[in-house]
Amino acid sequence: MESLVLKNGKIVLEDRVIDGSVLVQDGIITKIVEDKYKEELTGDKVVNLEGKIVIPGFVDVHIHGCDGADLMDCSTESLEKMARFVATRGVTNFLPTTLTAPKDELKRALACAGEVQDKDIENGANIFGVHMEGPYFDVAFKGAQDERYMVKATVEELEEYLNVKKGVLKMMSLSASDDSYLEPIKYLRKNGVICSIGHSNGYYENVRKAVEAGVTHATHTFNGMRGINHRELGIAGGVLVSDEINAEIIFDGIHVHPKAVELLLRAKGTNRVTLITDAMSATGLADGDYKLGKLDVYVKDNQARLKSTNSLAGSVLTMDKAFRNVMSLGYSIFDAVKMSSTNACKEFGLNAGSIQLGKRGDFAVLDGNKEVVMTVVGGKIKFEK
């Protein structure tokens, strides 16, 4: 039985911070001890954190690529490269995310992710499945997606994707902008896939119908969707007033105004908002020219934009920055943990997202500036600064 002790840390529990130690055995948290009780924990590896902060590891449910790699490369090497990079930013679990592409490419991407799903990647975060972003979108809100491959969803086609590997498809983003989507949504829900509304030219009533059919998530809220008007709430307004929906947000200060993030949090509360990166392959690399799928992108001043239209093309955000950004709005570390970890774990049924007995030993260790200095996945140190 492999065991790890993190001692002398500031451990962020769900409602308080303790000075203490945590023991992980065979990947599971089996003991949490406060220093004041003077109990010395022992394990195969004991790390003295010297007062550093221990939080649940970040979970990113919407990330296309980083460090020059992308899910659409359809290679396990690229996925492992992504896993290693995100681990350096405190991520312990993530969903590599597809783009709108030809069907055979999407099936290859799913199959490839299936090969490394829930595998112990050396120095890497855990890949727990795939988020399919497209091809069921509206051209009017295509964003950085290839409109040539945009189609309507059908149960028959969805069945093909689900059959690539059982359990690899965890979330599907679709426009849900008319009634033709309702049966596909019900079919996906029946098969355990979370349905997310996004890249949508629909209206408020489409959101409500989609929710009744089984939509419980929103793809990068405010971006790539019909906005709010006081007479017609659009998709964005529908997301804000639907308690059933967990709303993603790209909080890089570029995609969404900080006050719009605040508006979202006031409307939905911290239990219904999930921080994501929507990162693309240039994340972690220098400014210059890159690809997002087959589309040409340039990166400058922390912004990734399409060369053809200058519209935003994913981000170069990392989860640790999103975490710090939400705290800069005045939210507590407890709220920031919810939005960067707990909420996603609850939604996707991961046994992580909070530091408590019986949960997986997935941690990000932060210094006084909230910078990541260590990442632990299932009780194994995957990154150490």
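Residues numbered from 1 in each chain as written. Predicted model: local features only at pLDDT ≥ 70, side-chain atom pairs only at ≥ 80, totals over all residues. Heavy atoms only, no water.

Chemist: Report on the packing of aromatic side chains, specifying residues and quantitative values.
Modeler: Within the structure shown, the criterion is met by 2 aromatic pairs. Residues phenylalanine 58 and phenylalanine 323 carry aromatic rings whose centres are separated by 5.2 Å and whose planes lie at 50° to one another, so their mutual orientation is tilted. Of this pair, phenylalanine 58 sits in strand 6 (residues 58–63) while phenylalanine 323 sits in helix 8 (residues 319–328), placing them 265 residues apart in sequence. One exposure class covers both phenylalanine 58 and phenylalanine 323, and it is buried. With 5.7 Å between their ring centres and 70° between their planes, phenylalanine 128 and phenylalanine 348 make a pair best called edge-to-face. Here phenylalanine 128, found in the loop between strand 10 (126–127) and strand 11 (130–133), pairs with phenylalanine 348, found in helix 9 (residues 333–348); they are 220 residues apart in sequence, far enough to count as distant. (Phe/Tyr/Trp six-rings, centres within 6.5 Å; stacked < 30°, edge-to-face > 60°. Helix = DSSP H or I, 4+ residues; strand = E, 2+ residues; numbered from the N terminus. Buried < 20%, exposed > 50% of the residue type's maximum accessible area, 1.4 Å probe, protein only.)

Chemist: So, the sheet that holds strand 16 (residues 273–276): which residues are in play, and what are the values?
Modeler: Taken in spatial order, the 6 strands line up as 11-12-13-14-15-16 in an open sheet, and their pairing is parallel. Of all strands in the sheet, those bounded by a partner on one side alone are strand 11 and strand 16. If you compare each strand with its neighbour and ignore which way they point, the axes differ by 30° on average. The sheet contact formed by strand 14 (residues 215–218) and strand 15 (residues 246–250) spans 2 bridges and is parallel. Looking at strand 15, one finds that histidine 217 is bridged to asparagine 246. (Pairing = 2+ DSSP bridges. Axes fitted to C-alpha atoms, helices over the stretch in contact; angles between N-to-C directions.)

Chemist: Give me the sheet that holds strand 9 (residues 91–96): which residues, what numbers.
Modeler: The strand order across the open sheet formed by 3 strands is 6-9-10, and the pairing between neighbours is parallel. The open sheet has two edge strands, strand 6 and strand 10, and neither has a second partner. Of the pairings in the sheet, the one linking strand 6 to strand 9 comprises 4 bridges and is parallel in character. For isoleucine 63, the partnering residue across the bridge sits in strand 9 and is proline 96. The sheet strands contacting helix 1 (residues 76–87) are strand 6, strand 9 and strand 10, and the helix crosses strand 9 at an angle near 140°. (Contact = heavy atoms within 4.5 Å.)

Chemist: Report on the pattern of salt bridges, specifying residues and quantitative values.
Modeler: Counted under the stated rule, the structure contains 26 salt bridges. Across the pair glutamate 160 and lysine 103 runs a salt bridge, and its minimum N-O distance is 2.9 Å. On the criterion of sequence distance, the pair formed by glutamate 160 in helix 3 (residues 155–162) and lysine 103 in helix 2 (residues 103–116) is long-range, its members being 57 residues apart. Classification of glutamate 160 as partly exposed rests on a relative accessible area of 29%. For glutamate 147, the salt bridge is made with lysine 142, and the minimal N-O distance between the two is 2.5 Å. Linked by salt bridges that have partners in common, Lys103, Lys107, Glu157 and Glu160 make up one network. (Salt bridge = Lys/Arg side-chain N within 4 Å of Asp/Glu carboxyl O.)

Chemist: Requested: an account of the environment of lysine 382, with residues and values cited.
Modeler: Note on placement: lysine 382 falls in strand 22 (residues 380–384). Taking the relative accessible area as the measure of exposure, lysine 382 reaches 9% and is therefore buried. When the C-alpha atoms of lysine 382 and alanine 87 are compared, they prove to be 6.7 Å apart, with 295 residues separating the residues in sequence.

Chemist: Residues and numbers for the nonpolar core, please.
Modeler: Core analysis: the largest hydrophobic core is formed by 107 residues, its most contacted members being Ile55, Val61, Phe94, Met172, Ile185 and Met280. Per element, the largest residue contribution to this core is 7 residues, and it comes from helix 9. By size, the runner-up hydrophobic cluster in this structure holds 17 residues, among which are Ile29, Leu49, Val54 and Val376. (Core = buried A, V, L, I, M, F, W, Y, C linked by side-chain atoms within 4.5 Å.)

Chemist: Can you explain helix 7 (residues 258–268)? Please cite residues and give values.
Modeler: Residues of helix 7 that are buried include every one of Val261, Glu262, Leu264, Leu265 and Lys268, and no others. Down the axis of helix 7, the sector holding all buried residues measures 160°, keeping them to one side. Seen from the open side of helix 7, the exposed residues pointing more than 90 degrees away from its buried face are Lys259 and Arg266. Elements that come into contact with the buried residues of helix 7 comprise helix 6 (234–241), strand 15, strand 16, helix 8 and helix 9. (Arc of directions from axis to C-beta.)

Chemist: Lay out unusual backbone geometry in plain terms, naming residues and giving numbers.
Modeler: With omega at 15°, the peptide bond leading from glycine 134 into proline 135 counts as cis. Note that proline 135 resides in the loop between strand 11 and helix 3. Of note in the backbone geometry, glutamate 50 takes a positive phi value of approximately 50° without being a glycine. Checked against the element boundaries, glutamate 50 lands in the loop between strand 4 (45–48) and strand 5 (53–56). If you check the backbone angles, aspartate 118 has positive phi at about 55° while not being a glycine. Relative to the elements of secondary structure, aspartate 118 occurs in the loop between helix 2 and strand 10.

Chemist: Can you tell me about the pairing of strand 13 (residues 194–197), naming the residues and giving the values?
Modeler: Burial of the side chains of strand 13 extends over both faces: Ile194 and Ser196 are buried on one face and Cys195 and Ile197 on the other. Viewed along the sheet, the connection from strand 12 (residues 169–174) through helix 4 (residues 182–190) into strand 13 turns out right-handed. The sheet contact formed by strand 13 and strand 14 spans 3 bridges and is parallel. For serine 196, the partnering residue across the bridge sits in strand 14 and is histidine 217. Read from strand 13 through helix 5 (residues 204–213) to strand 14, the crossover connection turns out right-handed. (Right-handed = clockwise from strand over helix to strand, strands pointing away.)

Chemist: Explain the packing of helix 1 against helix 2 residue by residue, including any values.
Modeler: Contact geometry for helix 1 and helix 2: axes closest at 9 Å, N-to-C directions at 60°. As the angle between them shows, helix 1 and helix 2 are arranged oblique. When you trace helix 1 past helix 2, the crossing you get is right-handed. Contacts between helix 1 and helix 2 involve Thr76, Leu79 and Glu80 from the former and Cys112, Ala113, Glu115 and Val116 from the latter. (Parallel < 35°, antiparallel > 145°, perpendicular 65-115°, else oblique. Left-handed = near helix turned anticlockwise from the far one by under 90°.)

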